[in-house]
Every structure is written in structure tokens, then in C-alpha cells.
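Structural overview
Chain by chain, the residues run as shown.
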Amino acid sequence: MNEKITIMIDEDTVDARIKEIAEQISRDYAKKEVRLICILKGSVFYTTELAKRLTIPTTMDFMKVSSYGSGTVSSGQIEIKKDLDDSIEGLDVIVVEDIVDSGHTLSQLIPELKKRNPRSLAVTTLLDKPSRREVDVHVDYTGFEIEDKFVVGYGLDYNQSYRDLPFIGVVELED
């Protein structure tokens, strides 16, 4: 099978929206420093582009979590595969996700991070698929709400490919 990728959200539109989110975060956290927690692997592109546009002091840390195990359907339980390097106690923290769909990962990750006593905890996602939501989660800063399509680009992958696309594309499988 071959994949055909069609553009859903072009590069200029993605860049403009990330700039808007960075401006909003910079206003909301004026005179504060934020710790961005990048959820690996998919959020790397969004995290770096967001960080470059923030006008407030920013540090980063990384987590890798999974609720899928070896399957393609969420197990409903997260596994922390790579934890934070540093404490977030007393910090203003923003979790950076590439996409929120079922909500299972965030619904378990946020309470886990709250146990670590940050001063504040917010979430930003580049993409949101509310039609796939199984668990209610709050997202503070959303890039784009999208329909239920399999998307790649800007960190999102299909079999570890297409993360490097500078746009959001829809994957269509061809014979």
C-alpha cells in the first residue's frame, strides 16, 4: 500500500496560529517564567515553534507517555516511558501536546503532574479532535479543531514517517 498525503492545514496557517497562541500565552504569563513539557515524540515540532515565539522566559522538559501499549486502541492506562528530568514544584507549567483525541492520556497525565505541586498547570495542543473524545479533558490553548481524519506532519507520524512535513496533511491509503 502507498500513502497519499493531502494538505489539510498549510504551513503559513499553522505558523500564524502558533504565533497567535504564543502571543496569548505571553500575555497570560506576563512577568512569569513557564516550563514547557513537551510530550514526545509528536509534540517536538509544536513545542520548538511555540517556544521560539514566546516573549517570556521559558524552559523545557520532556516526557514520553503512552496509553496504547502495542495496540492501536487506547488501553485507558498511561505508561510513563520517559519522565521529567527536573522537578516542576512551584513552577508555572504548560503541557504541550500535538493532538488530543480520546482524552485518555491527558486525563491521567494531568492528575499525575498535579501531584508534583506546580504553581499552575495548563495544556496546549496543536490539534484537537473533539468528535473522538471519550474522556472529558480541558485544553487551555488549542491550535485547530479538526474532523476525524488520520493526519500527519508537524510532528505527527504514520509509521514514524511524515513528522517533518511543514503542514498538517491527511493520510489516504492507496492500493
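In case you missed it, the structure is sitting above this.
About the thresholds
Residues numbered from 1 in each chain as written. Predicted model: local features only at pLDDT ≥ 70, side-chain atom pairs only at ≥ 80, totals over all residues. Heavy atoms only, no water. Salt bridge = Lys/Arg side-chain N within 4 Å of Asp/Glu carboxyl O. Helix = DSSP H or I, 4+ residues; strand = E, 2+ residues; numbered from the N terminus. Buried < 20%, exposed > 50% of the residue type's maximum accessible area, 1.4 Å probe, protein only. Pairing = 2+ DSSP bridges. Core = buried A, V, L, I, M, F, W, Y, C linked by side-chain atoms within 4.5 Å. Contact = heavy atoms within 4.5 Å.

**Here's the deal with the pattern of salt bridges**
Tallied over the entire structure, the rule returns 15 salt bridges. Between K52 and E49 there is a salt bridge, and its shortest N-O distance comes to 3.0 Å. A residue pair is termed a helical-turn pair when its members lie 3 or 4 positions apart in one helix, as K52 and E49 do in helix α2 (residues 44–53) at 3 residues. Overall, the relative accessible area of 60% leaves K52 in the exposed class. Taking relative accessible area as the criterion, E49 reaches 18% and is therefore assigned buried.

**Structural notes on the sheet that holds strand β8 (residues 151–152)**
The strand order across the open sheet formed by 3 strands is β1-β9-β8, and the pairing between neighbours is antiparallel. Whereas interior strands pair on both sides, the edge strands pair on one side only; in this sheet they are β1 (2–9) and β8. Across 7 bridges, β1 lies against strand β9 (residues 168–174) in antiparallel orientation. The residue bridging I9 from the neighbouring strand is I168, located in β9.

**A look at the nonpolar core**
Ranked by size, the top nonpolar core spans 28 residues in total, and within it I25, L126, L127 and I168 carry the most contacts. In terms of residue count, helix α1 (residues 11–28) provides more of this core than any other element does, 5 residues in total. For I25, the residues in contact, after removing those within four places along its chain, are L50, L54, I56, I94 and Y141. In terms of nonpolar packing, the next biggest core, distinct from the first, is built from 16 residues, I39, V65, I88 and V93 among them.

Honestly, it's all geometry; don't read function into it.
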